[in-house]
Amino acid sequence: MQPTIFHKIIAGEIPADIVYDTDEVLGFKDIHPQAPTHILFIAKLEKDFVSSIIDITDQTAHVPTKLIQAAKDFASEKGITGYQLKFHCGKDGGQEVFFLHLHFLSQQSL
Ligand code: 5GP
């Protein structure tokens, strides 16, 4: 499999505006924001790699929950009280980058 743009962000090979970083999850600003705050959350560990919700297995079923928990913690840290969480699932669902990511969108600014 070819590394995706998000693999390169984790590896530090391309820059990103990182706003959340733990051992397991990275959150960074979307390059084309669709809301005043638009963050993408991804799992950093190789064992947690999954390309899409469509490809989730028993081994990776915990990953979406990790991303949702990260988004919730981020919102709480930043005092954001309302937001939308979205997964684009598959090409026909609008997914362009095949590295599972959670969109965090809020009308509230950071
Ligand atoms: P998808 O449509 O796959 O769910 O969303 C992919 C998202 O990644 C898009 O919202 C797009 O703007 C964002 N994106 C694509 N390339 C880059 C990049 O190089 N850096 C950042 N920060 N976001 C990117």
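See the structure printed just above.
Residues numbered from 1 in each chain as written. Predicted model: local features only at pLDDT ≥ 70, side-chain atom pairs only at ≥ 80, totals over all residues. Heavy atoms only, no water.

**Q** Account for the pairing of strand S3 (residues 37-43), with residues named and values stated.
**A** Of all the seven residues making up S3, seven are buried; the element is thus mostly covered by neighbouring parts of the structure. As paired elements, S3 and strand S5 (residues 102-106) share five bridges and run antiparallel to each other. The partner of Thr37 across the bridge, within S5, is Ser106. (Buried < 20%, exposed > 50% of the residue type's maximum accessible area, 1.4 Å probe, protein only. Helix = DSSP H or I, 4+ residues; strand = E, 2+ residues; numbered from the N terminus. Pairing = 2+ DSSP bridges.)

**Q** Any details on the site of the ligand? Residues and values, ideally.
**A** Near the ligand, the surroundings consist of 16 residues, among which Asp30, His88, Glu96, Val97 and His101 are the closest. Between the ligand and the protein, one listed contact pairs an oxygen atom with a side-chain N or O atom of His88 at 2.8 Å. Glu96 places a main-chain nitrogen or oxygen 2.6 Å from an oxygen atom of the ligand. In a pocket analysis with a 2 Å cut-off to the grid points, the ligand is assigned to the largest pocket. Counting residues per element, the ones that place at least two in the shell around the ligand are helix H1 (5-10) and strand S2 (25-29). A per-element tally of the shell around the ligand places H1 first, with three residues. Grouping the constituent residues of the shell around the ligand by class yields seven nonpolar, six polar and three charged. (Near = heavy atom within 4 Å. Polar contact = N/O pair within 3.5 Å; in protein donor to acceptor, adjacent residues only side chain to side chain. 1 Å grid on protein atoms, 1.4 Å probe; cavity = no way out; pocket = protein on both sides within 12 Å on 5 of 7 lines; lining within 4 Å. Sits in = over half its atoms within 2 Å of the grid points. Nonpolar A, V, L, I, M, F, W, Y, C, P; charged D, E, K, R; others polar.)

**Q** Explain helix H2 (residues 63-78) residue by residue, including any values.
**A** The first and last C-alpha atoms of H2 sit 23 Å apart over 16 residues, in line with the 22 Å expected at 1.5 Å per residue. Of the residues making up H2, those classed as buried are Val63, Pro64, Lys66, Leu67, Ala70, Ala71, Phe74 and Ala75. Elements in contact with the buried residues of H2: strand S1 (18-21), S2, S3, strand S4 (84-86) and S5. Just downstream of H2, Gly79 is the residue with a positive phi angle, here 70°. (Expected span 1.5 Å × (residues − 1). Contact = heavy atoms within 4.5 Å.)

**Q** Please provide a residue-by-residue account of the nonpolar core, values included.
**A** Phe41, Leu67, Phe74 and Phe104 are the most contacted members of the largest nonpolar core, which totals 17 residues. For this core, the secondary structure elements donating two or more residues are S1, S3, H2 and S5. Ranked by the residues each element gives to this core, the list is headed by H2, at six residues. Setting aside chain neighbours within four positions, we find Phe41 in contact with Tyr20, Val25, Leu26, Gly27, Leu67, Ala70, Ala71, Phe74, Leu100, His101, Leu102 and Phe104. Listed in part, the seven residues of the second largest apolar core include Ile9, Phe28, Leu40 and Ile42. (Core = buried A, V, L, I, M, F, W, Y, C linked by side-chain atoms within 4.5 Å.)

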